[in-house]
Amino acid sequence: MRVFLETERLLLRQFTDADVDHLFALYDDPEVMRYLNGGEPADRAEIENHDLPAFLGYYERFPGYGFWAAIEKTSGDFLGWFHFRPLRGHHTDDPELGYRLNRSSWGNGYATEGSLALLEKGFTEFGARRIWAATMAVNRGSRRVMEKIGMRHVRTYHEHFDNPIPGTEEGEVEYAITLTEWLARPSPASR
Ligand SMILES: CC(C)(COP(=O)(O)OP(=O)(O)OC[C@H]1O[C@@H](n2cnc3c(N)ncnc32)[C@H](O)[C@@H]1OP(=O)(O)O)[C@@H](O)C(=O)NCCC(=O)NCCS
């Protein structure tokens, strides 16, 4: 099992078949899933037979990109995941960043810490020219992370959903940071 990167407090490692219960606990929390599916109960079989195999498949298709399990270094606890990969139809130099963390870990800066490390890796090692992220407009916490890592709001757009969840009417937002913007970012001391 490969460790992808390490930050001050986190290890991002590859998923394994043994992570089904970690994912189930994460996806079965309605607050975690509020802006993803409206807080539906998780389906363990779906995770085991679809979600996790898809994660494992990414490591084959895109070396360096994928879904990474976030582990708190001091406790060894599974906190959730970050994804960092080109979305279908996008070039590999235009990856999407995303994150989903256990509720008990929120508010400690973990999403920001992991995301900043992924931006650095993407821009310095993987040849990314732009890194972007998207969420529901009403997902204030996720938008705040995007702002804190130096992304800017690119657009607000509306998608059609057959079963829209509360907040869909406000639309979706896309944020991004380009390589040029990242290189010109303020140094940590002046942030
Ligand atoms: C979004 C998420 C990853 C943030 O993780 P986190 O580790 O708590 O993030 P951080 O601590 O790095 O930063 C969160 C920031 O958002 C702010 N925030 C959180 N909820 C907020 C809200 N409802 N309104 C406004 N700001 C909010 C926090 O105060 C913090 O900003 P600050 O440092 O300026 O105070 C986490 O809440 C999560 O996993 N949510 C469920 C899954 C999800 O929605 N993922 C994104 C979908 S695309």
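Worth saying up front: this structure is predicted, and the values here are computed from it rather than measured.

Within the UniProt annotation, "domain: N-acetyltransferase" (unreviewed entry) is assigned to residues 10-180. Helix and strand shares over residues 10-180 are 31% and 27% respectively, and the end C-alpha atoms of the span are 27 Å apart.

Counting buried positions over the seven residues of strand β6 (residues 130-136) gives five, a clear majority of the element. Across seven bridges, the pairing between β6 and strand β8 (residues 172-178) is antiparallel. Following the sheet pairing, Trp132 is matched in β8 by Ala176.

Turning to the side chain of Thr112, a few remarks are in order. Looking at the secondary structure, you find Thr112 in helix α3 (residues 110-125). Apart from residues no more than four positions distant in its own chain, Thr112 is found in contact with Val145, Lys148 and Ile149.

We now examine the environment of Leu79. Its place among the elements puts Leu79 in strand β4 (residues 78-85). With relative accessibility at 6%, the residue Leu79 sits in the buried group. Taking C-alpha positions, Leu79 is 8.7 Å from Arg103, a pair spaced 24 residues apart along the chain. Apart from residues no more than four positions distant in its own chain, Leu79 is found in contact with Leu10, Leu26, Ala70, Glu72, Arg100, Leu101, Asn102, Ser105 and Tyr110.

Conventions used here
Residues numbered from 1 in each chain as written. Predicted model: local features only at pLDDT ≥ 70, side-chain atom pairs only at ≥ 80, totals over all residues. Heavy atoms only, no water. UniProt positions renumbered as here; feature names shortened; annotations may be inferred. Helix = DSSP H or I, 4+ residues; strand = E, 2+ residues; numbered from the N terminus. Buried < 20%, exposed > 50% of the residue type's maximum accessible area, 1.4 Å probe, protein only. Pairing = 2+ DSSP bridges. Contact = heavy atoms within 4.5 Å.

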